[in-house]
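Take a look at the letters that make up each chain.
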Number of protein chains: 2
Amino acid sequence: MDQKHVVIVGGGFAGLAAAKRLANKPSVRVTLIDRRNHHLFQPLLYQVAMAGLSPAEIAAPIRSILSGAKNVQVVCSSVTSIGLERSVVFTDQRETAYDYLLMACGAKHGYFGNEDWEPFAPGLKTIEQATEIRRRVLGSFEKAELTDDPEERKKQLTFVIVGGGPTGVELAGAIGEMSRFTLSRDFRNIDPSGARVILIEAGPRILGMFDERLANKAARFLEQLGVQVWTGSPATKIDVEGVELADEKICAATVLWAAGVQASSLGRGSGVECDRAGRVVVEKDLSIPSHANVFVAGDQCAFIDAKSGEQLPGQAPVAAQQGRFVADTILDEIAGKDRSEFKYFDKGQMATVGRARAIAEVSGFRFAGFFAWLVWLVVHIFFLTGFRNRFFVVLSWAWSFFTFRRGARLIVEKKWQFYGDPSEDKDGGGRPAV
Amino acid sequence: MDQKHVVIVGGGFAGLAAAKRLANKPSVRVTLIDRRNHHLFQPLLYQVAMAGLSPAEIAAPIRSILSGAKNVQVVCSSVTSIGLERSVVFTDQRETAYDYLLMACGAKHGYFGNEDWEPFAPGLKTIEQATEIRRRVLGSFEKAELTDDPEERKKQLTFVIVGGGPTGVELAGAIGEMSRFTLSRDFRNIDPSGARVILIEAGPRILGMFDERLANKAARFLEQLGVQVWTGSPATKIDVEGVELADEKICAATVLWAAGVQASSLGRGSGVECDRAGRVVVEKDLSIPSHANVFVAGDQCAFIDAKSGEQLPGQAPVAAQQGRFVADTILDEIAGKDRSEFKYFDKGQMATVGRARAIAEVSGFRFAGFFAWLVWLVVHIFFLTGFRNRFFVVLSWAWSFFTFRRGARLIVEKKWQFYGDPSEDKDGGGRPAV
């Protein structure tokens, strides 16, 4: 039979949703390429960074998720470039020809041209970044306990989170909660609950995409956890000393970046039109201009929502809907049907703030507090991939909730020069997750 | 009150047992120094390497374990040397004077003078090594799936474990089990159950410290999992190609080292007498000659058992008993009592072989198979530190047992150059865990 070959680059929400939709469809065979062997549930990644969950609890092997999809081959490899004219994808090892291509390579953090801030203010997109943030946050308390210098101690106990979106709010709330509850009895020289946690936001308020009253609620929840919220405070410099604002300097050992994203370089590298953040500009059916067999979905895709007139946010539901839409478009086209336009169905949005508090907007309803947190919990558990992950995450949360402890307070080494096959060092980082 | 200051270097089984014994005793104050923030339950480390458990499930923050011990201060720092003449311990930051010192710095793997084998055959002592081994084993299956070259594929699917002690047997059994059950349906180009797993041992038989009939049982269990057991086969060379024996060369992409240990360099560095493996030679009360206030316990200690006439093995029960003995000796001496001699109370030994099989020798009884595995399971759960860890490990095991899956099939990057504060690189590895 004449099967069309669909190549999907990236096993995030968009790529995986497309692959699942195409699974065991007789008209296509599918190759899903990802440089990582696991799909990552990014909405809970901040909990790995905050020592609440283990990496394996929010990740699942792509191969195992798709083991029942007999027409899908999973390839663990790095895509280096795309040859649009010849319809081929190049990886480290080989080239793969496609009939249809879905680029779903995601994004990493962007620093608006201040890339030199990166070493001092890591972002949160991968498991390695999450364990690095965990190492820095827990390590700061350790260093504060050790030092006799009051200035140094204050610096170690100051945490600055740059960016007041949902990720920034979740990180700030979690550090506040950890210092007040989890660590309170474990140190002898310092009082962890005296830690300063500062959330700085360049815009006039945090959580700009939420209703203003809800965002104010979230700010109040943060302040109850001891987090200072500074709005209208763009960072002008970040270095080893801390963060400089227009009129002030905060000495801080730990600075976390949650302010901007930059799409995978694979879009711009392919010579297609991209916006400032590197996202590929697509047609209304998510294909790229002049290459109707190439689609882009998820964080890598620049799509203006017809209803709101705004850029769709880089969120899991957007990515999954786009991935499914592309799969349906391909199947329809092979079956001889016309293409339709992508429409985003907005089910709402939410953000947690520390322990047992959240804000949520769901189909026009707005709520904040414990009930919103319960909704947040149920939704995240429901969408988490893999029965085992769901089960273990529920248990981890229950345990943390009742004991005020955290299950993964483990500092692992940042670098590990001890062993390591020197012949394999070539793909040792530097590129965004494909 | 005049409290004696006890300094403990190392938060492994020996150091932690001593600290717990000294907790809240009015006659002493204790400083426990470890460069890591967590105590690691090493007997289950091979399951982290084999993707069955997450690191956090077998580790617990030392600080949190000892949070109720008000006279114990935990310091997360690297000990660089010890000044025996002045009774001080030097760390990166400062010097700490002691009245009593317990060195319990453990061991890492040793290569009998062939340290150049290390990059090609990692050992298993730390969490970083466990995730590295996991990366290599899972990565080999991924590479085998990718390649078209039958020679390369065969090399990627060949796994050699060097050393037929309990760790080697456990690793070999786990790889055999994983290739036959866990991965069987996940690949399209390769059949994981065709993987070659070879356990090589220099001596005449594996598990030399066990009764011969039990060891033969274990060898049969291994063979049923497809593991080839080659005894009388010392490795003569290990490099990027694989392992050379006296009369044969095995091309293997993954070689794991479970053959020898080398005690922490802190012993030899202090100028005290050590044996060939770097273990400190101690008196019958575990103190070092001519420094009666300095003790050594655990893997770092060379102690000949009076009953068997042999060196005590590097096992958790030995370390814990020695740690408690040293604590008691110190308390007794402060109370004016005489010192006694350390006597090891041998409760037995065991080793698992793949799925639901084990061998065990417990107070003269010997058994093999499912029942031995149940005993192994109960004992390990019982001694695992922390209620949460116990609970989650039991659940992980139950899930794996019934589904034939593994909960932590997650390849994380070996090196991560992406972020990383350049000012903090100085302790980036190379030294054994203190």
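Residues numbered from 1 in each chain as written. Chains lettered and ligands numbered in written order. Predicted model: local features only at pLDDT ≥ 70, side-chain atom pairs only at ≥ 80, totals over all residues.

Some details on the overall build of chain A
So, step 1. The secondary structure content of chain A amounts to 11 helices and 25 strands.
So, step 2. Rg of the C-alpha trace for chain A: 22 Å, near the compact-globule value of 22 Å for 434 residues, within the 12% margin.
So, step 3. Based on the C-alpha atoms only, the size of chain A along its principal axes is roughly 75 × 55 × 45 Å.
So, step 4. Within chain A, the proportion of its 434 residues that are buried is 52%.
So, step 5. Long-range contacts, defined as pairs at least 24 residues apart, comprise 67% of the intrachain contacts of chain A with a sequence gap of at least 6. (Helix = DSSP H or I, 4+ residues; strand = E, 2+ residues; numbered from the N terminus. Rg over C-alpha atoms; globule rule 2.2 N^0.38 Å. Buried ≥ 20, exposed ≤ 12 C-beta atoms within 10 Å, placed from the backbone. Contact = placed C-beta atoms within 7 Å.)

What to know about unusual backbone geometry
So, step 1. The phi torsion at leucine 286 of chain A lies on the positive side, around 70°, for a residue other than glycine.
So, step 2. Tracing the backbone shows leucine 286 of chain A in the loop between strand 19 (280-281) and strand 20 (287-288).
So, step 3. In this structure leucine 286 of chain A comes out as buried when scored by C-beta crowding, with 24 C-beta atoms within 10 Å.
So, step 4. The backbone phi angle of phenylalanine 112 of chain B is positive, close to 50°, even though this residue is not glycine.
So, step 5. With respect to the helices and strands, phenylalanine 112 of chain B occurs in the loop between strand 10 (107-109) and helix 4 (127-146).

Some words on the environment of valine 353 of chain B
So, step 1. Within the secondary structure, valine 353 of chain B is located in the loop between strand 23 (349-352) and strand 24 (358-362).
So, step 2. Placed 184 residues apart in sequence, valine 353 of chain B and valine 169 of chain B show a C-alpha to C-alpha distance of 6.5 Å.

Here we look at the domain arrangement of chain A
So, step 1. Parsing chain A into structural domains produces domain 1 (4-35 + 77-109 + 262-334) and domain 2 (115-259).
So, step 2. Computed over C-alpha atoms, the centres of domain 1 of chain A and domain 2 of chain A are 35 Å apart. (Domains from an automatic or database assignment.)

Things to note about the sheet that holds strand 2 (residues 28-34) of chain A
Residues and elements named next belong to chain A.
So, step 1. The six strands are arranged 5-2-1-9-21-20 in an open sheet whose pairing can be described as mixed. Edge positions in the sheet fall to strand 5 (72-76) and strand 20, since each has one partner strand and no second.
So, step 2. Inspection of the sheet shows strand 2 paired to strand 5 by five bridges, in the parallel sense. Directly across from isoleucine 33, in strand 5, lies its bridge partner valine 75. (Pairing = 2+ DSSP bridges.)

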